[in-house]
Amino acid sequence: MDDNPQPAADRYFALPGHALITLEGRDAAAFAQAQFMNDVALLEPGRWQWSGWLTPKGRVIALFALLKRSDEAIWLVLPDADAAAMATALQRFVFRSKVRIQFRDDLHASGRFGAPSAASGADFTGDEEAGFELDAGSADAPRTLRLAGTPAPQDDAAATRWHALDLQHGLPRLPASQVEHWTPQQLSLDRLRAYSVKKGCYPGQEIVARTHFLGQAKRGLVLLGADAALEPGHEVTAGSVAMGKLVAAGTDGARHLALAVMPLEREAASLDVDGAPVAEEPLRDGLAR
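All values reported here derive from a predicted model rather than from experimental measurement. (Residues numbered from 1 in each chain as written. Predicted model: local features only at pLDDT ≥ 70, side-chain atom pairs only at ≥ 80, totals over all residues. Heavy atoms only, no water.)

Quick notes on the overall build of the chain
Secondary structure summary: the chain contains four helices and 16 strands in total. In terms of overall dimensions, the chain is globule-like: its C-alpha atoms have a radius of gyration of 19 Å, near the 19 Å expected for 289 residues. By principal-axis analysis of the C-alpha atoms, the chain measures approximately 55 × 55 × 30 Å. The long-range share in the chain, meaning contacts at least 24 apart out of those at least 6 apart in sequence, stands at 69%. Total accessible area computed for the chain in this model is approximately 13,500 Å², and 50% of it derives from carbon and sulfur atoms. Side-chain charges of the chain comprise 29 positive and 37 negative groups, with the mean position of each set lying 7 Å from the other. (Helix = DSSP H or I, 4+ residues; strand = E, 2+ residues; numbered from the N terminus. Rg over C-alpha atoms; globule rule 2.2 N^0.38 Å. Contact = heavy atoms within 4.5 Å. Areas by Shrake-Rupley, 256 points an atom, 1.4 Å probe, with all protein chains shown as cover. Lys, Arg positive; Asp, Glu negative; His and termini not counted. Charge placed at Lys NZ, Arg CZ, Asp CG, Glu CD.)

Some remarks on unusual backbone geometry
The phi angle of most residues is negative, glycine excepted, and most peptide bonds adopt the trans form. In this model, S188 sits at a positive phi of 55°, which is unusual for a non-glycine residue. Look at S188 and you get buried, because its relative accessible area is 10%. For D274, which is not a glycine, the phi torsion comes out positive at approximately 55°. Its place among the elements puts D274 in the loop between strand 15 (271–273) and strand 16 (276–281). Given the relative accessible area of 60%, D274 is considered exposed. (Buried < 20%, exposed > 50% of the residue type's maximum accessible area, 1.4 Å probe, protein only.)

Considering the nonpolar core
Of all hydrophobic cores here, the largest spans 47 residues; its most connected members are L187, L189 and V247. Ranked by the residues each element gives to this core, the list is headed by helix 3 (residues 156–168), at five residues. Excluding anything up to four places from it in sequence, V247 contacts R173, L174, P175, Q178, W182, L187, L221, P232, L259, A260 and V261. Within the second largest apolar cluster, 25 residues are counted, among which are A29, F64, L90 and I101. (Core = buried A, V, L, I, M, F, W, Y, C linked by side-chain atoms within 4.5 Å.)

Examining the sheet that holds strand 10 (residues 144–148)
In space, the five strands of this open sheet follow the order 1-7-10-9-8, with antiparallel pairing throughout. Edge positions in the sheet fall to strand 1 (13–14) and strand 8 (125–127), since each of these pairs with one other strand and no more. Sheet analysis places strand 8 next to strand 9 (residues 131–135), joined by three bridges and oriented antiparallel. Opposite T125, over in strand 9, you have E133 as the bridge partner. (Pairing = 2+ DSSP bridges.)

Considerations on the packing of aromatic side chains
All chains considered together, the criterion is met by eight aromatic pairs. One aromatic cluster in this structure is built from F13, F113 and W162. The aromatic ring of W162 is capped on one face by R143, whose charged end is 4.2 Å from the ring centroid. A cation over an aromatic ring shows up here: R146 above the ring of Y12, its NZ or CZ 3.9 Å from the ring centre. (Phe/Tyr/Trp six-rings, centres within 6.5 Å; stacked < 30°, edge-to-face > 60°. Lys NZ or Arg CZ within 6 Å of the ring centre and 35° of its normal.)

Some points on the sheet that holds strand 11 (residues 219–226)
In spatial order, the strands read 11-14-13-12-15-16; together these six strands close into a barrel with antiparallel pairing. Going across the sheet, the axis of each strand differs from the next one's by a mean of 45°, ignoring polarity. Helix 3 contacts strand 11, strand 13 (241–252) and strand 14 (255–263) of the sheet and is inclined by roughly 145° relative to strand 13. (Axes fitted to C-alpha atoms, helices over the stretch in contact; angles between N-to-C directions.)

Re the pattern of salt bridges
In the structure shown here, the tally under the stated rule is 16 salt bridges. R26 is the partner of D27 in a salt bridge, and the nearest nitrogen-oxygen pair spans 3.5 Å. D27 gets classed as buried once you look at its relative accessible area, which sits at 18%. Linked by salt bridges that have partners in common, R69, R104, D106 and E128 make up one network. (Salt bridge = Lys/Arg side-chain N within 4 Å of Asp/Glu carboxyl O.)

Everything listed here is a matter of geometry and, on its own, says nothing about what the molecule does.
In structure tokens:
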């Protein structure tokens, strides 16, 4: 008997930690364009992109899927951040803009290990009554993310597997301890096409653009695997030399996984975390939108 049974492809399960913020009103798209790191003006209605909110020093506060329903309706699906706190923090920057920011606890995120029935790539489908569907997978690992009024049942094993696939695709699932520590380049968010260096000003834009155009990105994400549990914040070492730091961790069956920020150019070496050996693994492609 399989000790790690895989969930059925047609079964939805709750995605713990995922939450929704909505920006509604005449200036919703303009507000998102001014605050977030990807180019909302170039995004067509009915499509979504990875994006994020940065500190003025260019450190990632939150990473999210940004859905553009229209110029007057922008939705943020946050996999980890405190959505209620972030909605309150965003509200401080509204000033005279005609935009209403809400944490929506009436729509629930769920996942399924199978291709969407209608959504594809960066296109999303649905409405508030029937629910919304996003293509959150890749060719070799199809997944569907749904937002709907009825919550899906809890399935800890399935949610853990979803989290592990995010890490394997290079989507950093940042715990609170790693918020406001890393730039988009250090988190290799270019792999997800999650930020723009050409759009107008936004918090942290000067740091992001300068790093890009001066070629100063010296560190990026590396996927590590180990037999022992890995914890964000712990150092990766090669002998007595510090090589980087773990920023996100999870498990895939009996394997323990972590994303670490490490030098892009480095000598081959045996790596460990707290004395336990770790091995570099290839990142999957396919989540860029």
